[in-house]
Amino acid sequence: RDVMILINDVAKVVHDEVYRWSLGDSGQCNKNLGAAFLMVFRIGDFKEVHEKQARATDVVFNTTKDQKRRNLRRRNKGINHGRSHSSRSIRTRRDRRNSATDTLQLASLPGIQAFSDRALLGMLKSYAGIHRDKNLQNWKKDFRLGAGVGAYTVNIIIGMDAGWAVEGAVGSEYKIDATYLSPHVNMASRMMSATKQYGVTILVSQAVEELLSTNARSKLRHLDTVYVKGSSVAQRIFTFDARHMGVDFFLFERSAEQADVDAESYTREIWETDQDLLAMRQHVTEDFERIFKQGKDLYLAGDWKAAIATLEEADDNMITTVLEEGYIDYNPDEIDGRIFDRRNTSEEVIRIRQELGDGACKCLLGYMERRGGIPPDNWNGVRPLTSK
């Protein structure tokens, strides 16, 4: 019974934030599998989206198109072969437009950047809400979970992908569930699982990153380029660096009414001003981002010796930031010096480095070191993501 209460406490936060931040009523919880939730941000069915896109195109370009036709008629008046050429040109343009509707490019949809930004915001606000919700924080006091010392905390990991899905009812006369069947649902699940490998809170696929606004994309970090299981397509994967350690999300608590107003007044500037987003990224500095990018680029280029040294520097940079900025309480006499000695393999030092350092750095370093720091002969900057 108590397990169900805990999961429902989590669901309350996630459902509220996803619905609040989604564009219109597009955000919805489709189903949950144990403690995993499938959240869907629905654009519309294939035919409906095509029709809306065509109408939007006509609205935007109709005036220009009519004016151009009038200009063509005036220019070609009295010239028969010119009139015939104009007619063929119009037919050609129509043919191109019709052929373009055979497939749907999400990036071409009007408003898709705001739609995608708000979907990502819904998940990040869920993360902040999980670490702010009083009901969930009370679970820390449960002796069965935290041994009476607050050792337990509720956390979430998130995977996101974008694309098509078949929507419908699956089951029989005894049990029917409305669900979505799609390789993109599987991809989102694999992104979620891979967060554990990379030591991050959220992973978004290249398909999602390409739909976001420039403001949102500037806050994402490209971690790696991979082949996911069952696919031969290279996939760039990204994270929004989010941590709750050392962040008091209660300082930024808003009433439900205030939060609704915040969501309704969304602008792209939110990525630079929102207190939740700034706080969960406080451990990331420009220096760290620069050093990590250098190390990651060296890794992808196959210069693994230099990549290892640079990524170790990036990891140390993040640890230094967390300690110097006072994001956690620590005794400097106990860990200073030892924590930056990579030859020190004591359990305590390893644990502290894991908690304070960058998970993505450790993931890439581990991958290279397991192979002796030498890339395969056929290395092309892409590696298989072995775990589902």
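Details of the structure are given in the entry above.
Since we're looking at a predicted model, the values are computed, not measured.

Novice: What exactly am I supposed to notice about empty space enclosed by the protein here?
Specialist: Over the atoms, a rolled probe matching the size of one water molecule traces out where space is still vacant. Considering all chains together, one arrives at one cavity of 30 Å³ or more under this definition. In this model, the largest cavity occupies a volume close to 50 Å³. Around the largest cavity, the lining residues are Arg 243, Met 245, Val 247, Ala 279, Met 280, Gln 282, His 283, Val 322 and Tyr 327. Of the residues in the lining of the largest cavity, the class split is six nonpolar, two polar and one charged.

Novice: Just checking my understanding: could you explain the packing of aromatic side chains for this structure?
Specialist: Ring pairs (aromatic) are described by centroid distance and by the angle formed between their planes. Enumeration according to the criterion identifies seven aromatic pairs in this entry. The interplanar angle of 40 degrees and the centroid separation of 6.5 Å between the aromatic rings of Tyr 367 and Trp 379 together place this pair among those described as tilted. Residue Tyr 367 is located in helix H17 (residues 359-369), and its partner Trp 379 is located in the loop between H17 and strand S9 (383-385); the two are separated by twelve residues in the primary sequence. A relative accessible area of 6% places Tyr 367 in the buried class. Through a chain of ring-to-ring contacts, the aromatic side chains of Tyr 299, Trp 304, Tyr 367 and Trp 379 assemble into a single cluster. In this structure, Arg 221 is placed above the aromatic ring of Phe 292, and the distance from its NZ or CZ to the ring centre is 4.5 Å. When the ring centre of Tyr 367 is taken as origin, the NZ or CZ atom of Arg 383, which lies over that ring, is 4.5 Å away.

Novice: Would you mind going over the side chain of Thr 239 with me for this structure?
Specialist: Among the secondary structure elements, Thr 239 is positioned in strand S8 (residues 234-240). Here Ile 202 takes part through its backbone oxygen, which lies 2.6 Å from a polar atom of the side chain of Thr 239. Sequence-distant contacts of Thr 239, that is, excluding residues within four places in its chain, are made with Val 200, Ile 202, Leu 203, Lys 219, Leu 220, Arg 221 and Leu 223.

Novice: Just checking my understanding: could you explain helix H4 (residues 112-130) for this structure?
Specialist: In an α-helix, one turn spans 3.6 residues, which is why side chains three or four residues apart end up on the same side. Counted at 1.5 Å a residue, the expected span for H4 with its 19 residues is 27 Å, and the 27 Å between its end C-alpha atoms agrees. Most of H4 is tucked away: 17 of the 19 residues are buried.

Novice: What exactly am I supposed to notice about the layout of surface pockets here?
Specialist: As a volume, the second largest pocket reaches approximately 670 Å³. Around the second largest pocket sit 29 residues that line it, and Glu 17, Arg 20, Arg 132, Arg 254 and Ala 259 are the ones nearest its centre. Broken down by secondary-structure element, the contributors of at least two residues to the lining of the second largest pocket are helix H1 (2-21), H4, helix H5 (134-138), helix H10 (256-264), helix H11 (270-273) and helix H12 (275-280). Here the lining of the second largest pocket gets seven residues from one element, more than from any other, and that element is H1. Looking at side-chain class alone, the lining of the second largest pocket contains seven nonpolar, seven polar and 15 charged residues.

Parameters and conventions
- Residues numbered from 1 in each chain as written.
- Predicted model: local features only at pLDDT ≥ 70, side-chain atom pairs only at ≥ 80, totals over all residues.
- Heavy atoms only, no water.
- 1 Å grid on protein atoms, 1.4 Å probe; cavity = no way out; pocket = protein on both sides within 12 Å on 5 of 7 lines; lining within 4 Å.
- Points joined across faces, edges and corners; volume = space filled by probe spheres on them.
- Nonpolar A, V, L, I, M, F, W, Y, C, P; charged D, E, K, R; others polar.
- Phe/Tyr/Trp six-rings, centres within 6.5 Å; stacked < 30°, edge-to-face > 60°.
- Helix = DSSP H or I, 4+ residues; strand = E, 2+ residues; numbered from the N terminus.
- Buried < 20%, exposed > 50% of the residue type's maximum accessible area, 1.4 Å probe, protein only.
- Lys NZ or Arg CZ within 6 Å of the ring centre and 35° of its normal.
- Polar contact = N/O pair within 3.5 Å; in protein donor to acceptor, adjacent residues only side chain to side chain.
- Contact = heavy atoms within 4.5 Å.
- Expected span 1.5 Å × (residues − 1).

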